[in-house]
Amino acid sequence: MANAKITILSDKMRGTSFVLTNDEYSIGRSDSADICIPEPTISGHHCTLIKMGDNEYAVRDEGSTNGSRINGEKLEENGEPVTLSNGDLLQVGNIELLFENAESSRHEATKTLTVINLDDTGTVSLSQGAMANLSKKNSKIKRSRSLRDNKKQNAIMISLIVLIALAAIGALAYMVMSMKG
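(A) Just the overall build of the protein chain, in detail. In terms of helices and strands, the protein chain carries 3 helices and 13 strands. Within the protein chain, the proportion of its 181 residues that are buried is 33%. Counted over contacts in the protein chain with a minimum sequence separation of 6, partners at least 24 positions apart contribute 40%.

See the structure below:
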């Protein structure tokens, strides 16, 4: 039987995974936390992972300063534990963690898609069902338009380039005429 795990997706510790086998794990900035993540936006004892059954875990926020979220939904401080599903994104402070439950992913669609390249550690593949959780979060991100998509800025840039080219040709012609005369 495969174990559930969480993998850090954010910056410094990206790709670090923790296999979950115990009945409870504290997550926090403190060295005494079972899963210590030295990040200023995480409280000393931020939240707790609680085993609910075979490879099933829930998370409870422990009154953290910056809160805990599952797929963008904020957890109540010291509230009831909220069950994690395969592919859920757990956010503690500014750090995102991916929850994976290999047992439940076997029962979902067999087609997988690569989600994120974890640099030197390889990649993470999720089922289509788990991808739905990621797309909910990503749909909230506003995308900025690139320069090439802005026609007004493109027209101004082309005009400036043409003017500079004409000025250079004029200066060159003036130099040639002054050498002849």
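(B) Summary view of the sheet that holds strand β8 (residues 73-74). In space, the 6 strands of this open sheet follow the order β2-β1-β11-β10-β7-β8, with antiparallel pairing throughout. Strand pairing shows two members of the sheet lacking a second neighbour, β2 (17-20) and β8, which therefore form its edges.

(C) Highlighting the pairing of strand β6 (residues 56-61). Strand direction decides the pairing type here: strand β5 (residues 47-53) and β6, joined by 6 bridges, are antiparallel. Across the sheet, K51 pairs through a bridge with Y57, a residue of β6. Linkage of β5 to β6, two consecutive antiparallel strands, is achieved through a turn of 2 residues, within which N55 is found at a positive phi near 60°. Where β6 lies against strand β9 (residues 82-83), 2 bridges are found, and the strand directions are antiparallel. Bridge pairing links A58 to T83 in β9.

(D) Structural view of the pattern of salt bridges. A full pass over the atoms with the stated rule returns 3 salt bridges. Across the pair R14 and D11 runs a salt bridge, and its minimum N-O distance is 4.0 Å.

(E) Molecular detail of a nonpolar patch on the surface. A cluster of nonpolar side chains, namely I156, M157, I158, L160, V162, L163, L166 and I169, defines an oily patch on the protein surface of about 780 Å² accessible area. Here I156 lies in helix α3 (residues 151-180). Classification of I156 by relative accessible area gives partly exposed; the value is 45%.

(F) Representation of the confidence of the model for the protein chain within the structure. Across the protein chain, pLDDT averages 81, with 73% of residues at or above 70. When the criterion is pLDDT under 50, residues 106-112 qualifies, and its contacts beyond four places in sequence or with other chains add up to 13 contacts. Segment residues 137-145: pLDDT under 50, and 5 contacts once partners within four positions in sequence are set aside and those in other chains are kept.

(G) Molecular detail of the side chain of H46. Structurally, H46 is set in the loop between β4 (35-36) and β5. When near neighbours in sequence (up to four residues on either side) are disregarded, H46 contacts I27, G28, T41, D61, E62, S64, G67, S68, V92 and G93.

(H) Structural view of the pairing of strand β11 (residues 95-100). The element β11 is extensively covered by neighbouring structure, given that 6 of its 6 residues are classed as buried. On β11, burial covers both faces: I95, L97 and F99 on one face and E96, L98 and E100 on the other are all buried. As defined by bridge partners, strand β1 (residues 4-8) adjoins β11 across 4 bridges and the pair is classed as antiparallel. Note on β11: the bridge partner recorded for I6 is F99.

(I) The packing of aromatic side chains, seen in detail. According to the stated counting rule, one finds 1 aromatic pair in the structure shown. Here the aromatic rings of Y25 and Y57 are separated by 6.4 Å at their centres, their planes lie at 55°, and the arrangement is tilted. A residue pair is termed long-range when its members are at least 10 positions apart, and Y25 in strand β3 (residues 24-28) and Y57 in strand β6 qualify at 32 residues. The pair Y25 / Y57 is uniform in exposure class, with both members buried.

Reading the values: rules and limits
Chains are numbered independently. Their residues run from 1 in the order of the written sequence. Residue-level local features of this predicted model are given only where pLDDT is at least 70; pairs of side-chain atoms are given and counted only at 80 or more, and the full residue set underlies all totals for whole chains, interfaces and linings. Excluding hydrogens and water, the side-chain figures rest on all heavy atoms present in the structure. Starting at the N terminus, helices and strands are each numbered in turn, a helix being any DSSP run of H or I of at least four residues and a strand any DSSP run of E of at least two. Relative accessibility under 20% of the residue-type maximum defines a buried residue, over 50% an exposed one, and the middle range a partly exposed one, all with a 1.4 Å probe and only protein chains included. Every residue pair with non-hydrogen atoms within 4.5 Å of one another is taken to be in contact. Each pair of strands is called paired provided DSSP finds at least two bridges between the two strands. What counts as a salt bridge is simple: a side-chain nitrogen of Lys or Arg found within 4 Å of a carboxyl oxygen of Asp or Glu. Residues with no salt bridge and a relative accessible area higher than 30% make up the patches, which join like charges within 9 Å and nonpolar side chains (Val, Leu, Ile, Met, Phe, Trp, Tyr) within 5 Å. Only the protein chains shown count as covering a residue, and every accessible area follows the Shrake-Rupley method with a 1.4 Å probe. Confidence of the predictor in every single residue is expressed as pLDDT, which spans 0 to 100. Only Phe, Tyr and Trp rings are paired, with Trp represented by its six-membered ring, and only when their centres lie within 6.5 Å; those with planes under 30 degrees apart are stacked, over 60 edge-to-face, the remainder tilted.

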